[in-house]
Amino acid sequence: MTKEGVQGATEEEEQQQAQSKKGLKKQQKEAEKAAKKAEKQAKLAAEQQSTEEDDFAKDRYGVAAMVQSQQKLGKQCFLVLRQQQFNVQALVAVGDRASKQMVKFAANITKESIVDVEAMVRKVEQKIESCSQQDVELHIERIFVISQSEARLPLQLEDAVRPDGEGEEEGRATVNQDTKLDNRVIDLRTTTSQAIFRLQSGVCQLFRDTLTNKGFVEIQTPKIISAASEGGANVFTVSYFKTSAYLAQSPQLYKQMCICADFDKVFCVGPVFRAEDSNTHRHLTEFVGLDIEMAFNYHYHEVIDSITDTMVQIFKGLRDNFQTEIQTVNKQFPSEPFKFLEPTLRLEYTEALAMLHEAGVEMGDEDDLSTPNEKLLGRLVKEKYDTDFYVLDKYPLAVRPFYTMPDPNNPKYSNSYDMFMRGEEILSGAQRVHDAQLLTERAIHHQIDLEKIKAYIDSFRYGAPPHGGGGIGLERVCMLYLGLHNVRQTSMFPRDPKRLTP
Amino acid sequence: MPMYQVKPICGAHAETDLPTCMYKLPNIHAQKGNSCTPEHALQNGEVDPAVKALEARQDEIMRKLHELKAAVEGLAKTVTTPDADLDLTVSSSLSESASSTTFKGVTDLDTVLGKDLGALRDIVINANPAQPPLSLLVLHSLLCQRYRVLSTVHVHSSVNGVPPQLLSCLGPRHADSYARHMFQLGFTLIWKDVPKLQMKFSVQNMCPIEGEANVARFLFKLLAPYPSDPALTTMVDSWVDTAFFQLAEGSTKERSTVLRALNSALGRNPWLAGQEFSLADIACYCCVLQSGSASAAPANVQRWIKSCENLGHFSPAKQLLQ
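Parameters at a glance
- Residues numbered from 1 in each chain as written.
- Chains lettered and ligands numbered in written order.
- Predicted model: local features only at pLDDT ≥ 70, side-chain atom pairs only at ≥ 80, totals over all residues.
- Heavy atoms only, no water.
- Axes fitted to C-alpha atoms, helices over the stretch in contact; angles between N-to-C directions.
- Helix = DSSP H or I, 4+ residues; strand = E, 2+ residues; numbered from the N terminus.
- Parallel < 35°, antiparallel > 145°, perpendicular 65-115°, else oblique.
- Left-handed = near helix turned anticlockwise from the far one by under 90°.
- Contact = heavy atoms within 4.5 Å.
- Nonpolar A, V, L, I, M, F, W, Y, C, P; charged D, E, K, R; others polar.
- Patch = residues over 30% accessible without salt bridge, like charges linked within 9 Å, V, L, I, M, F, W, Y side chains within 5 Å.
- Areas by Shrake-Rupley, 256 points an atom, 1.4 Å probe, with all protein chains shown as cover.
- Salt bridge = Lys/Arg side-chain N within 4 Å of Asp/Glu carboxyl O.
- Lys, Arg positive; Asp, Glu negative; His and termini not counted.
- Charge placed at Lys NZ, Arg CZ, Asp CG, Glu CD.
- Core = buried A, V, L, I, M, F, W, Y, C linked by side-chain atoms within 4.5 Å.
- Buried < 20%, exposed > 50% of the residue type's maximum accessible area, 1.4 Å probe, protein only.
- Buried area = accessible area lost by both parts, 1.4 Å probe.
- Pairing = 2+ DSSP bridges.

S.K.: So what's going on with the packing of helix 7 (residues 191-213) of chain A against helix 10 (residues 323-332) of chain A? Residues and values would help.
M.R.: All names here are of chain A. Put simply, helix 7 and helix 10 touch, their axes get as near as 8 Å, and they point 140° apart. By the criterion of interaxial angle, the relationship of helix 7 to helix 10 is oblique. For helix 7 against helix 10, the interelement crossing comes out left-handed. Contact residues: helix 7 offers T191, T192, A195, I196, R198 and L199, while helix 10 offers E325, I326, T328, V329 and Q332. Class assignment of the residues belonging to the contact of helix 7 with helix 10 gives a composition of five nonpolar, four polar and two charged.

S.K.: Could you give me a rundown of a positive patch on the surface, with the residues and numbers involved?
M.R.: A cluster of basic residues, A:K72, A:K75, A:K100 and A:K104, forms a positive patch at the surface. Tracing the backbone through its elements, the reader meets A:K104 in helix 2 (residues 100-108).

S.K.: An account of the nonpolar core is needed here, citing residue identities and associated values.
M.R.: Nonpolar side chains in soluble globular proteins tend to end up buried together. Counting 73 residues, the largest nonpolar core has B:I125, B:L139, B:L219 and B:W304 as the members making the most contacts within it. Here the element with the most residues in this core is helix 9 (residues 279-291) of chain B; it accounts for 10 residues. Not counting residues up to four positions away in its chain, the partners in contact with B:W304 are B:L266, B:P270, B:W271, B:L272, B:D281, B:C284 and B:Y285. Formed by 52 residues, the second largest nonpolar core is a distinct cluster that contains A:V272, A:I314, A:L427 and A:C478.

S.K.: An account of the interface of chain B and chain A is requested, with residue identities and associated values reported.
M.R.: Taken residue by residue, the interface counts 27 residues in chain B and 26 residues in chain A. Across the chain B to chain A interface the summed buried area is about 2,400 Å²; carbon plus sulfur atoms make up 50%. Counting the surface chain B buries against chain A, the share from its top three residues, B:S157, B:Y178 and B:R180, is 24%. In this assembly, chain B and chain A are joined by two salt bridges. Where A:E351 meets B:R180, a salt bridge forms, and the shortest distance between an N and an O atom there is 2.5 Å. Among the elements that take part in the side of chain B that touches chain A, strand 2 (residues 149-156) of chain B stands out by supplying four residues, more than any other. In the side of chain B that touches chain A, the residues fall into 12 nonpolar, 11 polar and four charged. Pairing geometry for strand 12 (residues 341-342) of chain A and strand 2 of chain B, over two bridges, is antiparallel.

S.K.: Quick one: what's the story with the pairing of strand 1 (residues 121-127) of chain B, residue by residue and with numbers?
M.R.: All names here are of chain B. Burial analysis of strand 1 places seven of its seven residues in the buried class, which makes it a mostly covered element. Residues R121, I123, I125 and A127 point to one face of strand 1 and D122, V124 and N126 to the other, with burial holding for every one of them. Of the pairings in the sheet, the one linking strand 1 to strand 3 (residues 185-191) comprises seven bridges and is parallel in character. When the sheet's bridge partners are listed, N126 is paired in strand 3 with I190. Here strand 1 pairs with strand 4 (residues 198-200) via three bridges, running antiparallel.

And the structure:
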């Protein structure tokens, strides 16, 4: 079924040999119908232009849809047929096309079965509020079940799509998140989930396209690595033949090696594994990381400009091409549309401290921003500049990892930056130290065992350009763009400290 | 010109017992019949040569200023109208000194904007690209002459795109723009789909300011305080309001009434608020230009328009309208 719902596509004449008596009867009727249909076709072809007509242009209609629900009212049976994000009302009525047995059969089809339907598309006088296609309905002439679903479903899709507030008000059920995640295959069928993951696919696509247009090369980095790059506490260990190895916490090390290998600008899309025992609304143990690294010519702001421009292109692409999906998600999870500025707003850490200070938060010069402070800062920036996306530049050196390049003009600060969406951090990036000597000094200062990072330091010994970059989490970006509240809604089969299946 | 006199802390004629083993220097400040010794006496009775030199320099500068003032007054007398018939290149050299004395009085940023918290003080202006605020662009260029201003232009996501001249209306990007903390003031212009022009500065302490007239008043206060005479202040304010309400948004009849009023006011004085260029002139000029009635204006108004343009501050506004 197409979105427009009118111009039927190819005829899908899947002639399944029906086992029941009804099937035989229907075959008898076929001959009659075929004759009548031929007449009708001729008439319709002549009357296509007229908009007063009840019948639409095409009369044949081949669909492979799922039965969402049905309701039998005496001589009629209403079904809701669904395909991905859209659903349409269908009607089986006793008449010259359908017999009483056919109506009974339609009423007994279990929900979520896959059916093949031939029907006439008709305009309706009253809008059908409960479906996405509100101005037409299908008058079924033939219906076949292709794959039958079990009668008892672990969760009802109408409940899964119902907004939380509405559920409480009317006393109807909503499905809680754990049930949804346990029966992910059914939950993903909801119109909301379909919309979310189509949007996520769009984000990935726009990311790739924008960067490729800017001259970036896509790389794939290994995920089984020999040594934990940043603090050793947060990596998963895997047994590797006679020894053990780790799952990569981030592709950072290999991105930088690619820059030293003269690839100039690279990006990679791949899984990231973090063994953090954080049970929050925004942490997963496995997520998709979109990482960027590039060498620059004069100033590390070139890197910031590149990254923010990519983000802005992604936002614009979503705003212009995925409005349907955004509206679908908003029906179940209402939220404010996402606002941004072009070029992206860049504030300095000192300005952020001043804004927080004005709002009554006391913070030291070299303190890191706590999560509540980040959220407050997000609200203050939204008040003043009306943007949900901004960059905070020049973080204090003391709170950044050892490979961050210090600010040449002020040793207290560093050439590092964070990016925020709706007050939550989505990217942590910096200019990297590209000098092996300086890197060793910084590592010693942070009391890191030099033996463990020997390979890393060695990669800078044979000529390395100044470079910087950052990485974002696909799920978190989608969650924040749509204004959702839990990252598990944007991860197809989420992994967290308590969930390993499906 | 006597400098601020401080009474000597110790007696001016104190007898000091100079040690004989030191190298004796003759007294540099040998009195040549000058009676200002007591003022420059230091603690040990000797006079600081630097002070004397400073005084001499100051005298020199004051003398030059007096000469300049005399020259300007002379020119003003020969030319009955303010710079109207002078060529821009000639008057620009005069306008340098004219603009520096245009806005008398100094404003302290801290008193107007609040305590300096050690970070860039950013003024955010949300404007609709359909109605670019010309007077604010003029005030922006005046601010740039006075302070170190970091100017940025953004396009909000509520607007699909703006013509390129709106993106470059604040001038080229400053070379130091990567270091925001090096600037005294930030001027951030956001092209957004807003019904009315809006300015935000300090979210906690100030409510947003709406309307081009009010924002212009705010920005002007950063340049110079309003004249202390309340009658003059009221007149300036009334001209600003006339400009934005009747000239810019009024019907043709209202506009011609305003032009007539301008004509009669300008017949009496070179500028709208008397002898000095003020916010009233900026506001009225921009609105006259935007309403397109510049060419059809009466004689005094035309002359005044020429004088405004000769001052050189209005070039960004003119460029935007082209």
